[in-house]
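# Structure at a glance
Residue strings, one per chain:
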Amino acid sequence: DGLAHSASGAFEGFEIFIKYLPHSTTEPQLSAFFGEAGTIVGAPRLLKDGKGACKGCGWITFEKREALDEALTWNGCAFGGRHLQISKGKAAHTGFRPSLQAAGTHTPAMLPEIVARLVQP
């Protein structure tokens, strides 16, 4: 549907999901490229590996539906030597978007802390 909401359910904008990004992609590069479609809300979000490199996909939230519609027409465009696949963003099965979890707050990172609390006398 392309609608982006915060964890509290507040409307944030219109979101696209981008696939096939080069591993060298940075948030500033995405902002500059997709900023041509319209005003971006916040910073682009990239899915990154443990070393901080882009894993090939990311999300951008636009202020207006017109910007979302414009960005969708770019599906298949060239970026960093690759052809991007651009689609409307969708809520994850958990209901949380990647930008909503701060580092160290997801289950694998908290496992040692939780185990320690459960087994402490």
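Above this text sits the structure in question.
Model, not experiment: these values are computed from the prediction. (Residues numbered from 1 in each chain as written. Predicted model: local features only at pLDDT ≥ 70, side-chain atom pairs only at ≥ 80, totals over all residues. Heavy atoms only, no water.)

## What to know about the pattern of salt bridges
- Scanning all chains against the criterion turns up two salt bridges.
- Here Arg45 ties to Glu15 by a salt bridge, and the two come within 2.2 Å at their closest N and O atoms. Of this pair, Arg45 sits in strand β3 (residues 45-48) while Glu15 sits in strand β2 (residues 11-19), and the two are 30 residues apart along the sequence.
- The exposure class of Arg45 is buried, given its relative accessible area of 12%. (Salt bridge = Lys/Arg side-chain N within 4 Å of Asp/Glu carboxyl O. Helix = DSSP H or I, 4+ residues; strand = E, 2+ residues; numbered from the N terminus. Buried < 20%, exposed > 50% of the residue type's maximum accessible area, 1.4 Å probe, protein only.)

## Description of the packing of aromatic side chains
- Throughout the structure, instances matching the rule amount to five aromatic pairs.
- Here the aromatic rings of Phe17 and Trp59 are separated by 5.2 Å at their centres, their planes lie at 45 degrees, and the arrangement is tilted. Pair noted here: Phe17 is in strand β2 and Trp59 is in strand β4 (residues 54-62), with a separation of 42 residues, a long-range link.
- Exposure remark for Trp59: the relative accessible area of 13% places this residue in the buried category.
- Feature note: the residues Phe33, Phe34, Trp74 and Phe79 constitute an aromatic cluster, connected by ring pairs. (Phe/Tyr/Trp six-rings, centres within 6.5 Å; stacked < 30°, edge-to-face > 60°.)

## Describing the side chain of Glu15
- By relative accessible area, which is 1% here, Glu15 ends up buried.
- Here Thr61 takes part through its side chain, which lies 3.5 Å from a polar atom of the side chain of Glu15. (Polar contact = N/O pair within 3.5 Å; in protein donor to acceptor, adjacent residues only side chain to side chain.)

## As for the nonpolar core
- Among the nonpolar cores identified, the biggest contains 20 residues, and Ile16, Phe34 and Phe62 are the most heavily contacted of them.
- Of all the elements in the fold, those that place two or more residues in this core are β2, α1 (27-34), β4 and α2 (65-72).
- Filtering out sequence-adjacent residues up to four positions away, Phe34 remains in contact with Ile16, Ile18, Ile40, Ile60, Phe62, Ala71, Trp74, Leu84 and Ile86. (Core = buried A, V, L, I, M, F, W, Y, C linked by side-chain atoms within 4.5 Å. Contact = heavy atoms within 4.5 Å.)

## Looking at the environment of Ala78
- Secondary-structure assignment places Ala78 in strand β5 (residues 78-79).
- Classification of Ala78 as exposed rests on a relative accessible area of 51%.
- Separated by 57 residues in sequence, Ala78 and Leu21 place their C-alpha atoms 9.8 Å apart.
- Beyond its immediate sequence surroundings of up to four residues, Ala78 is in contact with Phe33 and His83.

## Examining the environment of Gly58
- Within the secondary structure, Gly58 sits in strand β4.
- In this structure Gly58 comes out as buried when scored by relative accessible area, which is 0%.
- Sequence spacing of Gly58 and Glu27 is 31 residues, and the spatial spacing of their C-alpha atoms is 9.2 Å.

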